[in-house]
Amino acid sequence: MRTTQQAAPSAPLGRIEAIDLLRGLMVALMVLDHVREYFSAAALQFEPTVMLQTTPALFATRWVTHLCAPTFVFLSGMSVYLQRANGRVGAALRKRLLARGMWLILLEVTLVGFAFNFAEPFIFLQVIWAIGFGMILLALLIEAPSIAIAAVGFILLMFDYVLGAAVAPYLPKALWHMLFSPGPLARLPGVVAYPALPWAGILLLGYGLATTIVGEGVIRRRRVLVAGAVMLVCFVILRVSGIGDPRSFGIGPTILLRALSFFNVTKYPPTPQYVLLTLGVSALLLAALSPVGPRRLPMLRAFGRAPFFTYVLHIYLIHTAALLIGMALGLPASSFAGFIESSAPLKEAGWGFGLGWVYAIWIATLLILRPIAIWFANIKSKRSQWWLSYL
């Protein structure tokens with residue numbers, strides 16, 4: 001008998017409503033981020049995390065969306081543990097992870113990439129690609145103990161820069177960007193925003209640490225609170241010591257911005273400080289959502305039960321809305337094509353709105369997405385077709 005193979009827990013864990021709600025909240029925040037990118041005049045001029053140019057409101061609007069990607073990736077790893085706990089083990093789980101990972105990568109370079117760009121083929125590797133790669137890697141490690149998988153994730157995340165520097169002379173530049181650090185794809189039309197290995201490390205941590213925070217109501221909430229507090233304390237220690245992120249703090253033209261710069265950590269690629277801060281906050285949010293009943297917050301619940309469907313839909317909706325509004329204001333449709341490659345045409349045309357309009361468009365987008373997401377989540381809960389589980 002193989003001693004390294006994990007056995008499924010004796011009793012199914014069932015669906016954890018708080019995880020659906022947290023995932024749904026992250027979807028809502030991600031919608032805000034993409035509305036800001038397509039509609040904010042300031043977003044075309046400078047990055048809101050540049051402390052010498054930004055405003056507190058712009059910085060906060062961008063910073064809160066930093067929670068989305070690491071939380072999604074971490075919960076993706078945790079969801080695999082929940083699948084194993086509910087009876088999908090061994091070859092069946094490995095096969096599903098491989099299929100799911102390859103499916104996500106295929107959709108990233110086709111359906112999702114086109115939604116962002118609205119132009120000729122352009123490979124845009126971001127969070128869906130990172131999750132897909134992480135699932136494939138987890139499929140290869142799934143027989144190992146949870147603690148070993150968590151250790152691999154920790155190494156990939158904490159030592160991404162060291163590992164990348166060590167292998168850089170031996171890898172093609174495009175492959176190095178795909179695995180370690182954001183950058184162009186050289187001969188291919190495309191760019192890597194989310195290098196696979198550090199983000200896969202977060203997914204592996206989500207799987208490996210799931211056993212410590214999955215449990216019954218009060219116990220789970222207590223564990224999540226402790227985990228969140230520990231991560232935030234570790235973030236403060238690293239931030240003050242200057243370890244784990246290249247960005248300094250205390251920078252900005254006002255006292256408030258200098259204070260906010262303490263939380264201005266690096267996402268591309270994700271640094272240890274960034275991961276500790278964002279996952280620490282998300283853990284506290286998960287604890288806060290734990291007592292919420294299943295019939296409350298139906299919009300977040302629907303978003304959380306159909307996250308990928310809602311994710312793809314919202315990109316098409318936002319980009320199409322920007323295109324139609326821009327055309328109504330006299331801009332050519334071509335200005336909104338190739339958005340990821342270059343936003344120069346929109347910048348030259350003076351496109352964009354103030355932050356108040358960005359939030360109004362965000363709320364309108366959520367209201368449009370709400371009934372569609374609820375409809376699709378209900379379909380998923382009532383039907384058992386295999387393909388629904390991939391959306």
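The sections below set out a description of the structure shown in this document. (Residues numbered from 1 in each chain as written. Predicted model: local features only at pLDDT ≥ 70, side-chain atom pairs only at ≥ 80, totals over all residues. Heavy atoms only, no water.)

Here we look at the overall build of the chain
Piece 1. A tally of regular secondary structure across the chain gives 17 helices and three strands.
Piece 2. Summarising its shape, the C-alpha atoms of the chain cover approximately 70 × 50 × 45 Å along the three principal directions.
Piece 3. Per-residue burial over the chain gives 50% buried out of 391 residues.
Piece 4. Excluding contacts between residues fewer than 6 apart, the proportion of contacts in the chain whose partners are at least 24 apart in sequence is 77%.
Piece 5. Accessible surface for the chain amounts to roughly 17,600 Å². Of this, 70% is attributable to carbon and sulfur atoms.
Piece 6. Counting 30 positive and 13 negative side-chain charges, the chain places the centres of these two groups 11 Å from one another. (Helix = DSSP H or I, 4+ residues; strand = E, 2+ residues; numbered from the N terminus. Buried < 20%, exposed > 50% of the residue type's maximum accessible area, 1.4 Å probe, protein only. Contact = heavy atoms within 4.5 Å. Areas by Shrake-Rupley, 256 points an atom, 1.4 Å probe, with all protein chains shown as cover. Lys, Arg positive; Asp, Glu negative; His and termini not counted. Charge placed at Lys NZ, Arg CZ, Asp CG, Glu CD.)

Observations concerning the packing of helix H4 (residues 90-117) against helix H5 (residues 127-141)
Piece 1. Two elements in contact, H4 and H5, have axes separated by 8 Å at closest approach and are oriented at 160°. When the axes of H4 and H5 are compared, the pair comes out roughly antiparallel. In this structure, H4 crosses over H5, and the sense of that crossing is left-handed. For the pair H4 and H5, the contacting residues are Arg94, Leu97, Leu98, Arg100, Gly101, Met102, Leu104, Ile105 and Glu108 in the first and Val127, Ile128, Trp129, Ile131, Gly132, Phe133, Met135, Ile136, Leu138 and Ala139 in the second.
Piece 2. For the contact of H4 with H5, the residue count by class is 14 nonpolar, two polar and three charged. (Axes fitted to C-alpha atoms, helices over the stretch in contact; angles between N-to-C directions. Parallel < 35°, antiparallel > 145°, perpendicular 65-115°, else oblique. Left-handed = near helix turned anticlockwise from the far one by under 90°. Nonpolar A, V, L, I, M, F, W, Y, C, P; charged D, E, K, R; others polar.)

Quick word on the sheet that holds strand S1 (residues 123-125)
Piece 1. Taken in spatial order, the three strands of this open sheet run S1-S3-S2, and their pairing is mixed. The open sheet terminates on both sides in strands that have one partner only, identified here as S1 and strand S2 (183-184).
Piece 2. Pairing of S1 with strand S3 (residues 190-192) involves three bridges; the strand directions are parallel. Directly across from phenylalanine 124, in S3, lies its bridge partner valine 191. (Pairing = 2+ DSSP bridges.)

Describing the environment of valine 218
Piece 1. Tracing the sequence through the fold places valine 218 in helix H11 (residues 217-241).
Piece 2. Exposure remark for valine 218: the relative accessible area of 60% places this residue in the exposed category.
Piece 3. In sequence terms valine 218 and serine 290 are 72 residues apart; their C-alpha atoms lie 8.4 Å from each other.

Describing the packing of aromatic side chains
The relation between two aromatic rings is expressed through the spacing of the ring centres and the mutual angle of the planes.
Piece 1. Per the counting criterion, the structure on display carries 20 aromatic pairs.
Piece 2. Between phenylalanine 262 and phenylalanine 263, the ring centres sit 5.4 Å apart and the planes meet at 85°, which makes this aromatic pair edge-to-face.
Piece 3. Plain terms: the ring middles of tyrosine 359 and tryptophan 362 are 5.8 Å apart, the flat faces sit at 85° to each other, and that makes the pair edge-to-face. Of this pair, tyrosine 359 and tryptophan 362 are both found in helix H17 (residues 355-382), three residues apart, which corresponds to roughly one turn of the helix.
Piece 4. In this structure, lysine 173 is placed above the aromatic ring of tryptophan 176, and the distance from its NZ or CZ to the ring centre is 4.9 Å.
Piece 5. The ring of phenylalanine 262 has arginine 239 lying over it, and the distance from NZ or CZ to the ring centre is 5.9 Å. (Phe/Tyr/Trp six-rings, centres within 6.5 Å; stacked < 30°, edge-to-face > 60°. Lys NZ or Arg CZ within 6 Å of the ring centre and 35° of its normal.)

Concerning a nonpolar patch on the surface
Piece 1. Taken together, Phe154, Ile155, Met158, Phe159, Tyr161, Val162 and Leu163 make up a surface patch of nonpolar side chains, about 690 Å² in accessible area.
Piece 2. Counting residues per element, the ones that place at least two in the nonpolar patch are helix H6 (146-158) and helix H7 (160-167).
Piece 3. By the secondary structure assignment, tyrosine 161 is in helix H7. (Patch = residues over 30% accessible without salt bridge, like charges linked within 9 Å, V, L, I, M, F, W, Y side chains within 5 Å. Salt bridge = Lys/Arg side-chain N within 4 Å of Asp/Glu carboxyl O.)

Comments concerning the side chain of aspartate 160
Piece 1. Examined against the element boundaries, aspartate 160 turns out to sit in helix H7.
Piece 2. Residues within four places of aspartate 160 in sequence aside, it is in contact with Ile155, Leu179, Phe180, Pro198 and Pro269.

With respect to the layout of surface pockets
Piece 1. When its volume is computed, the second largest pocket comes out at roughly 780 Å³.
Piece 2. Around the second largest pocket, the lining is made up of 33 residues, and of these Arg36, Glu37, Glu47, Arg62 and Tyr268 lie nearest the centre.
Piece 3. Elements that contribute at least two residues to the lining of the second largest pocket include exactly helix H1 (17-39) and helix H3 (68-85).
Piece 4. The greatest single-element share of the lining of the second largest pocket, amounting to five residues, is contributed by H1.
Piece 5. Of the residues that constitute the lining of the second largest pocket, the class distribution is 18 nonpolar, eight polar and seven charged. (1 Å grid on protein atoms, 1.4 Å probe; cavity = no way out; pocket = protein on both sides within 12 Å on 5 of 7 lines; lining within 4 Å. Points joined across faces, edges and corners; volume = space filled by probe spheres on them.)

Digging into helix H2 (residues 56-64)
Piece 1. Along H2, the residues that are buried comprise Leu58, Phe59, Thr61, Arg62 and Trp63.
Piece 2. Buried-residue contacts for H2 involve H1, helix H12 (255-260), helix H13 (272-289) and H17.

Description of the packing of H3 against H5
Piece 1. Where H3 meets H5, the axes come as close as 10 Å, and the angle between the chain directions of the two elements is 30°. With respect to H5, the element H3 is oriented roughly parallel. Between H3 and H5 lies a crossing of right-handed hand. Side by side, H3 and H5 meet where Ala69, Val73, Ser76 and Val80 of the first sit next to Val127, Ile131, Met135 and Leu138 of the second.
Piece 2. In terms of residue class, the contact of H3 with H5 is built from seven nonpolar, one polar and no charged.

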